[in-house]
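Examining the three-dimensional arrangement
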Amino acid sequence: LLHRRLEEDDMYQVLPDDASQGLGEELQRYWDKEVRMAAKELRMPKLTKAIVKCYGKPYAVLGIFSFTVVIQPVFLGKLIQYFEKYDPDNMDALYEAFGYAAGISLSTVALTVLQIHYYYHVLRTGMKIRVAMCHMIYNKALCLSSAAMGRTTTGQIVNLLSNDVNRFDEVTTNLHYLWIAPLQAVVVISLLWYEIGPSCLAGVAVLLFLMPLQTMFGKLFGSLRSKTAVLTDSRIRTMNEVVSGIRIIKMYAWEKPFSALVNEVRREEISKIMSSSYLRGLNMVSFFAASKIIVFITFAVYVLLGNTISASRVFVAVSLYGVIKITVTLFFPQAIEKVFETIISIRRIKNFLLLDEIERPNIRFTLEEKKDASVEIKDLICYWDKVNILIKSISQRTCLPSHLPQSSLLSAILGELPHDKGVLRVKGQLTYASQQPWVFPGTIRSNILFGKELHPQKYEKVLRACALKRLLPDGDLTLIGDRGATLSGGQKARVNLARAVYQDADIYLLDDPLSAVDAEVGRHLFEQCICGILKNKPRILVTHQLQYLQAANQILVLKEGHVVARGTYSELQHSGVDFTSLLKRDEEEEPQTNNNHSVVKHAFSQNSISSHTSSMHSVKDGAEQLPELVQTVAEESRSEGNIGASLYFKYLNAGASILVMLGTVLLSLIAEVAYVLQDWWLAYWAGEQEKLNINSTMIVQNGLNITQELDLRFYMGIYAGLTLASVIFGFARSLLMFNVLVKAAQSLHNRMFNSILRTPVRFFDINPIGRILNRFSKDIGQLDSMLPNTFVDFSQSILQNIGVVVVAAAVMPWILIPVVPLLIIFLFLRRYFLQTSRDVKRLESTTQSPVFSHLSSSLQGLWTIRAFRAEERFQNTFDTYQDLHTESWFLFLVTSRWFALRLDGICAAFVTVTAFGCLFLRDENAKTAGAVGLVLSYAVTLLGNFQWTIRQSAEMENMMTSVERVVEYSELESEAPWETQKRPPPEWPSQGLITFDWVNFSYSSDGPVVLKDIKAMFRPKEKVGIVGRTGAGKSSLASALFRLAEPEGRIYIDGVLTSEIGLHDLRQKMSIIPQDPVLFTGTMRKNLDPFHQHTDEDLWNALQEVQLKSVVEELPNKMETVLAESGSNFSVGQRQLVCLARAILRKNRILIIDEATANVDPRTDELIQKTIRDKFRECTVLTIAHRLNTIIDSDRILVLGAGMIQEFDEPYVLLQNQESALYRTVQQMGKAEAASLLESAKQVMDVKCNCFPKGGVIFKCTYSNIVPPVFYIFQIY
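Residues numbered from 1 in each chain as written. Predicted model: local features only at pLDDT ≥ 70, side-chain atom pairs only at ≥ 80, totals over all residues. Heavy atoms only, no water.

For the protein chain, the name recorded in an unreviewed UniProt entry is Multidrug resistance-associated protein 4, with Oncorhynchus mykiss as its organism. The heading Cofactor (unreviewed entry) in the UniProt record of the protein chain holds the text "Mg(2+)". Quoted verbatim from the Subunit (unreviewed entry) field of the UniProt record, the comment on the protein chain reads "Interacts (via PDZ-binding motif) with SNX27 (via PDZ domain); this interaction accelerates MRP4 internalization." (UniProt positions renumbered as here; feature names shortened; annotations may be inferred.)

Laid out in structure tokens, this is it:
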């Protein structure tokens, strides 16, 4: 294993006792019981109670292991007494001394064995609680009601899973010290009383003063932790939105306001973390300083009471204080700190677990009921947060041609929308295809099968019906990334539909599945899938593509939550209600309406067969182009080998200059010298006293014989000075180091965030969101709190160890004989351990990313998962990811215990050698008891400290993998600069002339070329439609224009070469209305105008233009209302209108519309068209569209195929040429549609010719009567 990198396959399978599912279900049972009990007793349920009941008993037993052996200092004292009363001839005393030396050795070995078991079991218990809690959090996330989803965010849930649950790992290690520390203190005080009498009470008083002080620190930690957690939630939520909406942020050139937003939250978060770190620093110094102050006060009182100090008394007291120093002044305050932090985390988790759940009866249907599947709704009133939607009595097979209420109706049928009154009965199993296609990371096959078995014939049939045959280079085994980043919108829609179709359900709910695909594929899906493979099943289809309505058994028209028309196509026609006009504003002139309906009906029946063949043919043709846009998901990178010194330098240099670093080192050395000199001075003082006692020097003064005594004021003065120096320098060192390390965390976070903002878009397409969020949550969490703590602890411990060895060697040079080989063995073991543990730690980091990705993906597809009743399967997948993470975590735990056992074993050997060595060399140099005492007490100190230091150095190096991962993301490839020295004129572009000059475009240097030899000119104020099959390169044209990747060739806008100017200068001068509208958390004002460039009046006017003014005025704080995550409290149509308002505010000469109205209802569609006609009359508009009727009235149409321009001319001219691609595409849509489109193109041509004989252009506002209402989706003037 030393010669190659560890992989996931090398890990052992998780132990059955540690499996996520078992642990989670066990704790869930206790929690459910607690919730029921609390409801009976009318109180709030307590999560702590459930945890204690589940894990309390086995954990309580472990406390026995941690009760440190207090007997060791007693043996030490007896051994030193032997040297004080040294008599070479007294063999009995020598044998007794050997017994004491053996006692020291055995107690050390016992301590080693006990502590290994203690740490293994408590850490494993912490792991179990954490894993069980993660299982419960994810399980809860799958059950959240829609109202509850509004009260939490993805960021908060990710933070619960990444940071809050980690408190259980930390608290279980220290919790037992809350009772062990006071108990040990009592035992030690009684032994000290026996040794030095009442003087020990002075030291105890200091201890008693420290304990409440540290308890207060612990409470402060808790309050700071809760404030930090809220800010961390906010930062991760914002990061989640930034990563999800990065394309839009880049196209709008909004990186700077988002950077400011994240930096502001981060600044507040860091100020809280800095306060916690200073408290931690004080706590840590109190551990080092407390022992010094306690020993100083104890012996100051002892001497002032008239006692003379002796080596045995000094070092027994020092050793006894040493025993409780660790438990009382380090572990006890740490336990308090962790308990308070854990209480906050438990409260946050409990609040999440108590959120409302969706109520869904688990009904099993009989075969008879399945045969007679139906949906019955009667007088139904539902509400989303008190907004009523009234739906009256419908049943059977229905086609819904409207937008907002129909999704709510499907939600009600699915059980997602709670109903207030009325009847809603569903007979049969439901399946659902969502309006916004949802795919999860995995293969296309796994997305379609969705847990069902593969039946090859049925599967092939579904692939064909959903136009997915020969879709991608690796077929259906192509991996798709997070959020389906590697698929186009149309491909996602078809995979989404295929998933629903493959399920063997009784009722199919299809929420607008045809909007994201082009007309040919749409017809193919309708005929082969919806009316083909599903023809014998009840289907409720939501659509605003009216050409399909006559195939419905029943049509239900909803308007503002009410049923306004219902019946078959012919019933609605004969009723005299022109139901198609209900979908949009009443038209002034509708002479063609009735005629159109009959034409469409005729066309639909006449051409269904020919259309089927043509669409099959075209789908196969198109398949050749599809692979071009598919990218593969990159495997997460993992570094190999040692953590180099350069990484430590980068880390420290991020927080301080070289001068400050040198100052910190100097301060640390001074603190350590003062620390060691204090002990040495005490030993020297005891030695001088001993010499006086042995020689009993008498001097004659004024005729009186007086026993010579030491000058107490001199010795006490120096002792007090050294104590004060060690405390002051210790505090200064600790606070300065924490300051440097927290600043380093802040600096590295900012660098990583800026690097993420500046990296090209492709990075986000090939890296799942969970992988990026893992860096910003888990790794930054380590840098913020765990790493500074370990780093400071390690640096103080290593200096202490050097000091100990130097002093011991100065007193007894022979001690270096065992120290040197010991050090070599230590370093060899450390190197051997780190080669494995570093890899295990890196694996532990990378195996956590899928957990976050799976959570993020599940939250996006929650409705689909619940509609398919796939919660259990997704829970099992989550448990599998958790188990994989547990495998690496457990491996890290056992390798650490392996290492600790060997370290403690070697230290025990060193103590044994020293203890017996002192006895074997008893005659040499006439040893003083003080020297022996110092060496022995230091050897025992070294036992704990040395192995702790090595362990902390290993822990620090393992934690440095987080720094390594953060640094890796802060050195990503950067896109072109935002601003360059060459700035375009302020009024540029004044015309809006766009020229593509032999442009080739690829999303990455090694990726396929998606645009080939594009040469075209878009004239000023021209309206151009861009059409082509999925994968033809339509959206890539916009990407090339915005330089989302650098194109080859030249693109000019008003004569300025775009590749020579900064990206922000370019992107801010163009507007885009994207296919997927993106809103961000923040105020409505910030969503419209993040740079504060516009007045309130401008903003209200823009909202008025898009008819959102009344909606925003109804919000609680109007423009200052903070929107829900991703703007989820707005409908898709409203979000699209906000994007349009942004475009209006920017007043740019160039507007790109990328399939902007694919997912909106006809009324919103028409509003968008009308606004574009009015507001962008003077602009160059490029419209990318699947549907030809959308762009048939453009000035010119650009047809793309396989990334190349097939033709570019006026629509009427192209339709006159029977060889043209546009003509062929139009003919494939059926005779009626072809005739209608030709007529529209002709009328546009006539209008132009009549109004501008010299070739000018007119844009007319009353075009809605040209395109027949039945085909009316949206149109460009």
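**As for the overall build of the protein chain**
If you tally the helices and strands in the protein chain, you get 42 helices and 24 strands. By the burial criterion, 61% of the 1277 residues in the protein chain qualify as buried. A separation of at least 24 residues holds for 84% of the contacts in the protein chain among residues at least 6 apart in sequence. Accessible area of the protein chain: about 50100 Å², with a carbon and sulfur share of 57%. (Helix = DSSP H or I, 4+ residues; strand = E, 2+ residues; numbered from the N terminus. Buried < 20%, exposed > 50% of the residue type's maximum accessible area, 1.4 Å probe, protein only. Contact = heavy atoms within 4.5 Å. Areas by Shrake-Rupley, 256 points an atom, 1.4 Å probe, with all protein chains shown as cover.)

**Observations concerning the sheet that holds strand 15 (residues 994-1002)**
What the 4 strands build is an open sheet, ordered 16-15-18-19; its pairing is antiparallel. Of all strands in the sheet, those bounded by a partner on one side alone are strand 16 (1009-1018) and strand 19 (1056-1057). Lying on the sheet, helix 32 (residues 1034-1041) is in contact with strand 15, strand 16 and strand 18 (1048-1053); it crosses strand 15 at an angle near 110°. (Pairing = 2+ DSSP bridges. Axes fitted to C-alpha atoms, helices over the stretch in contact; angles between N-to-C directions.)

**Things to note about the packing of helix 28 (residues 849-860) against helix 30 (residues 871-920)**
Where helix 28 meets helix 30, the axes come as close as 9 Å, and the angle between the chain directions of the two elements is 160°. Put simply, helix 28 runs roughly antiparallel to helix 30. Seen from above, helix 28 lies across helix 30 with left-handed handedness. Together, Pro 850, Val 851, His 854 and Ser 858 of helix 28 and Phe 874, Thr 877, Phe 878, Tyr 881 and Gln 882 of helix 30 make up the contact between the two elements. (Parallel < 35°, antiparallel > 145°, perpendicular 65-115°, else oblique. Left-handed = near helix turned anticlockwise from the far one by under 90°.)

**Here we look at the side chain of Glu 1207**
Mapped onto the elements, Glu 1207 comes out in strand 24 (residues 1204-1209). The residues touching Glu 1207, leaving out its near neighbours within four places in the chain, are Ile 1197, Leu 1198, Val 1199, Leu 1214, Ser 1220, Ala 1221 and Leu 1222.

**Side note on the pattern of salt bridges**
Using the criterion set out here, one finds 33 salt bridges in the structure. Between Lys 1015 and Asp 997 there is a salt bridge; the shortest N-O distance is 3.2 Å. Residue Lys 1015 is found in strand 16, and its partner Asp 997 is found in strand 15; the two are separated by 18 residues along the sequence. Relative accessible area serves as the criterion here: at 47%, Lys 1015 is assigned to the partly exposed category. On the accessibility criterion, Asp 997 (16% relative accessible area) is buried. Among the charged side chains, a salt-bridge network with shared partners connects Arg 167, Glu 170, Lys 338 and Glu 341. (Salt bridge = Lys/Arg side-chain N within 4 Å of Asp/Glu carboxyl O.)

**A few points about a nonpolar patch on the surface**
Together, Val 673, Leu 677, Trp 680 and Tyr 684 make up an exposed nonpolar region whose accessible area comes to about 340 Å². Checked against the element boundaries, Leu 677 lands in helix 23 (residues 658-695). (Patch = residues over 30% accessible without salt bridge, like charges linked within 9 Å, V, L, I, M, F, W, Y side chains within 5 Å.)

**A closer look at the packing of aromatic side chains**
Overall, the coordinates contain 30 aromatic pairs when judged by the stated rule. Judged by centre distance (5.3 Å) and plane angle (75°), the ring pair of Phe 714 and Tyr 715 falls under edge-to-face. A relative accessible area of 41% means that Phe 714 is categorised as partly exposed. When its relative accessible area of 7% is taken as the criterion, Tyr 715 is described as buried. Note on Phe 763 and Tyr 969: the rings are 5.3 Å apart at their centroids and 75° apart in plane angle, and the pair reads as edge-to-face. (Phe/Tyr/Trp six-rings, centres within 6.5 Å; stacked < 30°, edge-to-face > 60°.)

**Considering the nonpolar core**
Counting residues in each nonpolar core, the largest one holds 222 residues, and the members touching the most others are Met 133, Ile 413, Phe 996 and Ile 1152. Counting residues per element, this core draws most heavily on helix 5 (residues 91-143), which supplies 13 residues. With sequence-adjacent residues up to four places away left out, Ile 413 is seen in contact with Val 375, Ile 377, Leu 424, Val 426, Leu 430, Leu 509 and Ile 540. (Core = buried A, V, L, I, M, F, W, Y, C linked by side-chain atoms within 4.5 Å.)

**So, helix 8 (residues 166-174)**
For the α-helix, the turn length of 3.6 residues means that residues three or four positions removed from each other point alike. Of all 9 residues in helix 8, 9 are buried, a share of seventy percent or more. Of all the positions in helix 8, only Asn 166, Arg 167, Phe 168, Asp 169, Glu 170, Val 171, Thr 172, Thr 173 and Asn 174 are classed as buried.

**Digging into unusual backbone geometry**
Each neighbour pair has its own omega, and for Trp 988 with Pro 989 the value is -10°, a cis peptide bond. In this fold, Pro 989 is placed in the loop between helix 31 (929-969) and strand 15. We note that Asp 1054 has phi near 50°; this positive angle belongs to a residue other than glycine.

**Here's the deal with helix 1 (residues 20-40)**
The end-to-end C-alpha separation of helix 1 is 30 Å, in line with the 30 Å expected for 21 residues at 1.5 Å each. Of all the residues in helix 1, the buried ones are Ser 20, Leu 23, Gly 24, Leu 27, Gln 28, Trp 31, Glu 34 and Ala 38. The buried residues of helix 1 all sit within an arc of 125° when viewed along its axis, so they share a single face. Exposed side chains of helix 1 directed beyond 90 degrees from the buried face belong to Arg 29, Arg 36 and Lys 40. (Expected span 1.5 Å × (residues − 1). Arc of directions from axis to C-beta.)

**Concerning the sheet that holds strand 20 (residues 1070-1073)**
With mixed pairing, the 6 strands of this open sheet are ordered in space as 20-21-22-17-23-24. Whereas interior strands pair on both sides, the edge strands pair on one side only; in this sheet they are strand 20 and strand 24. Averaged over neighbouring strand pairs, the angle between their axes works out to 20° when direction is ignored. Of the pairings in the sheet, the one linking strand 23 (residues 1196-1201) to strand 24 comprises 5 bridges and is antiparallel in character. Bridging across to strand 24, Ile 1197 finds its partner in Asp 1209.

**Details of the pairing of strand 6 (residues 430-433)**
The alternating pattern of strand 6 places Leu 430 and Tyr 432 and Thr 431 and Ala 433 on opposite faces, both of which are buried. The pairing of strand 6 with strand 9 (residues 507-511) spans 4 bridges and is parallel. Residue pairing in the sheet places Ala 433 in a bridge with Leu 510 of strand 9.

**Details of a positive patch on the surface**
Judged by side-chain charge, Lys 33, Arg 36, Lys 40, Lys 46, Lys 49 and Lys 53 come together as a positively charged surface patch. Mapped by element, the contributors of at least two residues to the positive patch are helix 1 and helix 2 (47-61). For Lys 46, the location among the structural elements is in the loop between helix 1 and helix 2. The exposure class of Lys 46 is partly exposed, given its relative accessible area of 47%. (Lys, Arg positive; Asp, Glu negative; His and termini not counted. Charge placed at Lys NZ, Arg CZ, Asp CG, Glu CD.)

**Re the environment of Asn 307**
Relative to the helices and strands, Asn 307 resides in the loop between helix 12 (255-304) and helix 13 (311-353). Contact partners of Asn 307, with chain neighbours within four places excluded, come to Ser 199 and Tyr 302.

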